[in-house]
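So you can see what is in the structure, the chains are spelled out below.
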Amino acid sequence: DKIPSGSTQISGFADANEAKDIANVLQAGELPTPVNIIQERTIGPSLGKDSINLGKRAMIIGMVLVMVFMVIYYKGAGILAAFAMFLNLVIVMAILVMLGASLTLPGIAGLILTIGMAVDANVIVFERIREELSSGKSPVSAIYSGYERALITILDANFTTLIAAFVLAWVGSGPIRGFAITLSAGILCSMFTAIFVTKTIFTFLGDMKLIKKVSI
């Protein structure tokens, strides 16, 4: 009914604690400022499921195509790059699971972008190694020099992207923040796999005298 005096009283609680709980709920529901609806969208469960499935399919197709391109263009080294990219995706998914993140459409978009960016560092390294081999260096020496010369370029390129991702995570909200978090994790993991994982494998093969000619 109408409350003409502006105040009312609720009775029938079992004890004072239940009354306090109800009071807290009512106070938490207060809206001191008016709510203006700027945008409203309704997505059915079937449409959301279809979009996520298409996003997963696009991610898998993109990963396979990138792997094929790397193997064709860089031969044996491309196989190593494909392995690093797959490992990068596994690590990113593990980080998202640890954070308890949900795989949304923006998150899938971040993963797809990460797949393409995961081989950027390897491309820079491989091109540096090709330059060193062209100058007449031995395979082992070319590998060491290639990684050493490519390190600064890789750090600079990824650091600038990380700045943009951190700004998105700080300023944005909801889907934008999810995209930024996925992208940041992908960048960090791609640098790890490119700088440490592939270099460790190359170094191990060189120390074991298994590298006679770099397939690149």
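Above this text is the structure in question.
Residues numbered from 1 in each chain as written. Predicted model: local features only at pLDDT ≥ 70, side-chain atom pairs only at ≥ 80, totals over all residues. Heavy atoms only, no water.

Undergrad: I would appreciate a short explanation of the environment of Ile176 in the present structure.
TA: Relative to the assigned elements, Ile176 resides in helix H7 (residues 175–207). For Ile176, a relative accessible area of 43% gives the class partly exposed. (Helix = DSSP H or I, 4+ residues; strand = E, 2+ residues; numbered from the N terminus. Buried < 20%, exposed > 50% of the residue type's maximum accessible area, 1.4 Å probe, protein only.)

Undergrad: It is not clear to me how the pattern of salt bridges should be interpreted in this structure. Could you clarify?
TA: A side chain of one charge can pair with a side chain of the opposite charge if their charged atoms are brought near each other. Here the structure, examined in full by the defined rule, presents 4 salt bridges. When the shortest N-O distance is used, the salt bridge between Arg149 and Glu131 registers 3.7 Å. Here the residue Arg149 occupies a position in helix H6 (residues 139–171), and Glu131 occupies one in helix H5 (residues 120–134), the gap between them amounting to 18 residues. Of the charged contacts, one joins Glu132 and Arg149 as a salt bridge, the two residues approaching to 2.5 Å between their closest N and O atoms. With Glu132 in helix H5 and Arg149 in helix H6, this pair connects stretches of sequence that are 17 residues apart. On the basis of relative accessibility, which here comes to 5%, the residue Glu132 falls in the buried class. (Salt bridge = Lys/Arg side-chain N within 4 Å of Asp/Glu carboxyl O.)

Undergrad: Explain the packing of aromatic side chains to me, please; I cannot follow it from the model alone.
TA: Under the counting rule described, the total for this entry stands at 4 aromatic pairs. Centroid distance Phe69 to Tyr73: 5.6 Å. Interplanar angle 10 degrees. Geometry classified as stacked. Taken together, the positions of Phe69 and Tyr73, both in helix H2 (residues 45–74) and 4 residues apart, correspond to about one turn of that helix. Residues Tyr73 and Tyr74 carry aromatic rings whose centres are separated by 4.8 Å and whose planes lie at 85 degrees to one another, so their mutual orientation is edge-to-face. An aromatic cluster of at least three residues, connected via ring pairs, comprises Phe69, Tyr73, Tyr74 and Phe126. (Phe/Tyr/Trp six-rings, centres within 6.5 Å; stacked < 30°, edge-to-face > 60°.)

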